[in-house]
Amino acid sequence: MQLPTKKRSKPYFWATSISNLLGEDKQCRYSVWLNANYEIEKLSSDSDFSAHDEMVKNRARQYRGQGIKVYVEEQNSFHIPGKIATVGGRPDLVVLEGDRIIIEDCKSGKRKNAHRFQVLIYMLLYRFSPMGKQLCSDRVLTGRLVYSDEAIDILPTELDEQFKNSFSQMISMLCASTQPPKIPSFYECKYCNIPNHFCSERKAIEEPTENNDLF
Ligand code: SF4
């Protein structure tokens, strides 16, 4: 299978791609490796984010209604360079509440292990962004996962050495020149943005469209 011609000068990862692998909600490391190491034209997505966007707006409205300072989405965007890669992310909300700074992420769909890892990656990296340096200097940084029926706090102690090592090891593995194996599965391939000419495995899991004769 051919590789794209345009290799990035330095691998680039979105926090969500790493959190999905750390949480084992996704198994196919090849799609993350290819996106990180090469510039490719991606397949478009028809995902609907309107419920999520409404949650974020409502949370921001609630905080502002209580006189609490909150930064929303694009304001929180970061791209943090490391020695071997750059990692980008965009926390939904950054909330200044007393002596705490809370990084919140809203989830309108079903719960996944990856969500906790995503917020932990934000907690790990946001402080290195220009805005984060300014806001975190005299505040305790915590995290919060917001579902439609519950908000779960993520304590600073969860940002421990074990998590940091897992994060660093995953990045190192995905920066290696060796391609990870493709691991096709119906849902991962269905929503994967890799075009078929860079991965023929999607075809192997396409659902049959014709009725069979057994039933
Ligand atoms: S199409 Fe499937 S097997 Fe291929 S890269 Fe995407 S998730 Fe992996």
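Placed above this text is the structure.
Residues numbered from 1 in each chain as written. Predicted model: local features only at pLDDT ≥ 70, side-chain atom pairs only at ≥ 80, totals over all residues.

Caption draft 1: Main features of the nonpolar core. Formed by 39 residues in total, the largest nonpolar core has its most connected members in I18, I103, I121 and Y122. Looking at this core, the elements that each hand over two or more residues are α1 (15-22), α2 (29-37), α3 (50-65), β5 (93-97), β6 (100-106), α4 (113-125) and α6 (161-175). Here the element with the most residues in this core is α4; it accounts for eight residues. Not counting residues up to four positions away in its chain, the partners in contact with Y122 are A15, G89, P91, I103 and G143. (Core = buried A, V, L, I, M, F, W, Y, C linked by C-beta atoms within 7 Å. Buried ≥ 20, exposed ≤ 12 C-beta atoms within 10 Å, placed from the backbone. Helix = DSSP H or I, 4+ residues; strand = E, 2+ residues; numbered from the N terminus. Contact = placed C-beta atoms within 7 Å.)

Caption draft 2: Spatial organisation of the environment of I171. Along the polypeptide, I171 turns up in helix α6. Spatially, the C-alpha atoms of I171 and Y187 are 24 Å apart, while their sequence positions differ by 16 residues. When near neighbours in sequence (up to four residues on either side) are disregarded, I171 contacts F13, I18, I84 and A85.

Caption draft 3: Structural view of the sheet that holds strand β2 (residues 69-72). If you walk across this open sheet you meet the five strands as β2-β5-β6-β7-β8, and the pairing is mixed. Edge positions in the sheet fall to β2 and β8 (150-154), since each has one partner strand and no second. Put simply, the sheet's adjacent strands are angled 25 degrees from each other on average, direction ignored. Sheet contacts for α4: β6, β7 (140-147) and β8; angle to β7, the most-contacted strand, approximately 150 degrees. (Pairing = 2+ DSSP bridges. Axes fitted to C-alpha atoms, helices over the stretch in contact; angles between N-to-C directions.)

Caption draft 4: Up close: the pairing of β6. The buried count for β6 comes to six of seven residues, which makes it a mostly enclosed element. Two elements, β5 and β6, share five bridges in a ladder whose sense is antiparallel. The residue bridging E97 from the neighbouring strand is R100, located in β6. Between β5 and β6, which pair antiparallel one after the other, the connecting turn spans two residues, and G98 there sits at a positive phi close to 60 degrees. In this sheet, β7 lies alongside β6 in parallel orientation, the contact comprising seven bridges. Bridging from a neighbouring strand, I101 pairs with L141 of β7.

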